[in-house]
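# Structural overview
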Amino acid sequence: MKQNNHSIISDVKKVKGLGSAHHGNGHWMAQRITAIASIPLVLWAVYSVFNLQGVSYLEFTAWLASPLNAILAILFVLNTFYHASLGTQVIVEDYIANFVFRKIKLIAQKLFFIALGVAVIFSILKIAFTMGI
Amino acid sequence: MTEETNKIVIKAKRPLSPHLQVYDLPMTAKMSISHRITGVILTGGLVLLSIWVIAAGLGENAYNTMMSLIDTPITRFVFLAWAFVLFYHMGNGFRHMFWDLGIGITEKAAVKTGTLVIIFAVAMTALIWWLTCDCTTDTANIIVLDGGVHETE
């Protein structure tokens, strides 16, 4: 193994995967950037959700099929799902002490967000392309 | 404490010193944990919004079934509660951003901005309710304009 004299982490710790993974900064920054981006998207989404309560299928699909709404909806999904994924990741890392449970939960919820996000974006595109004028 | 000694303590069921259940947490601590709790609730909200859109993507029957479940007086209240939770998380998010910039990190300031966040959340929830409470007439107008197109399909 190559000896790194500048590191304070011992070789044993390295092998065990302890110490900083150097991913923290990127995670921190991504959480803030998605938070800022979510301000206009969330305001639009809340206003829309309140206006769309109880509307019929045709009303809803006509609304979602408009290019502006479809694009904003996809951006909303990408941004908020990413933000939610980052946020819930930290909560799991903080509160689940068992290593195996923690890793399984982290992987499972990431896959869940990706799967649900793709399903929603597919649905938006389907409505936009089939119901759009 | 290593993991092994941890396990021994749990096995022995020794009494713990009084912890969270006996402390009256300061307002700032309550707001801090609320940020996480509201975040988790909002993640649940995202799942519900996703079901709404996916149901619409599946077709009219799925959409109608879903809407019959969510369009009740109780769920309208749930939507308002959701908006409050969301604006709380947003307001407290602003607070975190300012802290990141080194602004307002004294205890006095944190209590003050914490109160502002709660006022912000209540005010924004009221605003969104006020903005959309008469929405039925607005949407009805849009649909009249749109209706012709869809009836020909």
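Preceding block: the structure.
Procedures and definitions
- Residues numbered from 1 in each chain as written.
- Chains lettered and ligands numbered in written order.
- Predicted model: local features only at pLDDT ≥ 70, side-chain atom pairs only at ≥ 80, totals over all residues.
- Heavy atoms only, no water.
- Helix = DSSP H or I, 4+ residues; strand = E, 2+ residues; numbered from the N terminus.
- Buried < 20%, exposed > 50% of the residue type's maximum accessible area, 1.4 Å probe, protein only.
- Contact = heavy atoms within 4.5 Å.
- Areas by Shrake-Rupley, 256 points an atom, 1.4 Å probe, with all protein chains shown as cover.
- Expected span 1.5 Å × (residues − 1).
- Polar contact = N/O pair within 3.5 Å; in protein donor to acceptor, adjacent residues only side chain to side chain.
- Buried area = accessible area lost by both parts, 1.4 Å probe.
- Salt bridge = Lys/Arg side-chain N within 4 Å of Asp/Glu carboxyl O.
- Core = buried A, V, L, I, M, F, W, Y, C linked by side-chain atoms within 4.5 Å.
- 1 Å grid on protein atoms, 1.4 Å probe; cavity = no way out; pocket = protein on both sides within 12 Å on 5 of 7 lines; lining within 4 Å.
- Points joined across faces, edges and corners; volume = space filled by probe spheres on them.
- Nonpolar A, V, L, I, M, F, W, Y, C, P; charged D, E, K, R; others polar.

Looking now at the overall build of chain A. Tallying secondary structure elements over chain A gives five helices and zero strands in all. For chain A, the sequential pattern of α-helices and β-strands runs α-α-α-α-α. Here chain A, with 133 residues, has 41% of them falling under the buried criterion. Sequence-distant contacts in chain A: of pairs separated by 6 or more residues, those separated by 24 or more amount to 67%. When the accessible surface of chain A is summed, it comes to about 8,000 Å², and 71% of that surface belongs to carbon and sulfur atoms.

Further remarks concern the side chain of threonine 43 of chain B. In this fold, threonine 43 of chain B is placed in helix H2 (residues 27-58). Assessed through its relative accessible area of 12%, threonine 43 of chain B is described here as buried. Excluding residues that lie within four positions of it along the chain, threonine 43 of chain B makes contacts with Ala84, Thr88 and Phe113 of chain A.

For helix H5 (residues 99-131) of chain A, which comprises 33 residues, the first-to-last C-alpha distance of 48 Å matches the rise-based estimate of 48 Å (1.5 Å per residue) to within 8%. The backbone nitrogen of valine 100 of chain A lies 2.9 Å from a side-chain oxygen of the residue at the head of H5 of chain A, namely asparagine 98 of chain A.

Bringing the interface of chain A and chain B into the picture now. Every contact between the two is made by 44 residues of chain A and, on the other side, 42 residues of chain B. Carbon and sulfur atoms make up 75% of the area that chain A and chain B hide from each other, which totals about 3,800 Å². For the chain A face of the interface with chain B, the top three residues by lost area are Phe50, Gln53 and Tyr57 of chain A, together amounting to 19%. Seen at the junction of chain A and chain B, the total is two salt bridges. Arginine 36 of chain B is the salt-bridge partner of aspartate 94 of chain A, the closest N and O atoms lying 2.6 Å from each other.

Residues Val46, Phe60 and Ile124 of chain A together with Trp52, Tyr63, Trp82 and Phe87 of chain B are the most contacted members of the largest nonpolar core, which totals 51 residues. Taken together, the elements giving at least two residues each to this core come down to helix H2 (24-52), helix H3 (57-65), helix H4 (67-95) and H5 of chain A together with H2, helix H3 (60-70), helix H4 (73-100) and helix H5 (107-132) of chain B. Once you skip the residues sitting within four places of it in the chain, valine 46 of chain A turns out to touch Trp82, Ala83, Leu86, Phe87 and Ile128 of chain B.

It is worth spelling out H2 of chain B at this point. Under the 1.5 Å per step criterion, the end-to-end length of H2 of chain B is 46 Å for 32 residues, consistent within 8% with the ideal 46 Å. Following H2 of chain B by one or two positions, glycine 59 of chain B has its phi on the positive side, about 135°.

Turning our attention to the layout of surface pockets. The space that makes up the largest pocket amounts to roughly 880 Å³. Taken together, 34 residues line the largest pocket, and the ones lying closest to its centre are Gln31, Ala35 and His83 of chain A together with His35 and His89 of chain B. Elements that contribute at least two residues to the lining of the largest pocket include exactly H2 and H4 of chain A together with H2 and H4 of chain B. Element by element, the count of residues in the lining of the largest pocket is highest for H2 of chain B, at ten residues.

Glancing now at the pattern of salt bridges. Applying the stated rule across the entire model yields four salt bridges over all chains. Two residues, aspartate 24 of chain B and lysine 30 of chain B, come together in a salt bridge whose shortest N-O distance is 3.3 Å.

With that settled, the discussion passes to empty space enclosed by the protein. Evaluation of the coordinates by the stated rule reveals one cavity of 30 Å³ or more. Put simply, the largest cavity is a space of about 250 Å³. Together, 19 residues line the largest cavity, and Val49, Ala73 and Phe76 of chain A together with Leu49 and Val53 of chain B are the ones closest to its centre. Only H2, H3, H4 and H5 of chain A together with H2 of chain B provide two or more residues apiece to the lining of the largest cavity. Partitioned by chemical class, the residues of the lining of the largest cavity number 17 nonpolar, two polar and no charged.

Function cannot be inferred from these measures alone, as they are strictly geometric.
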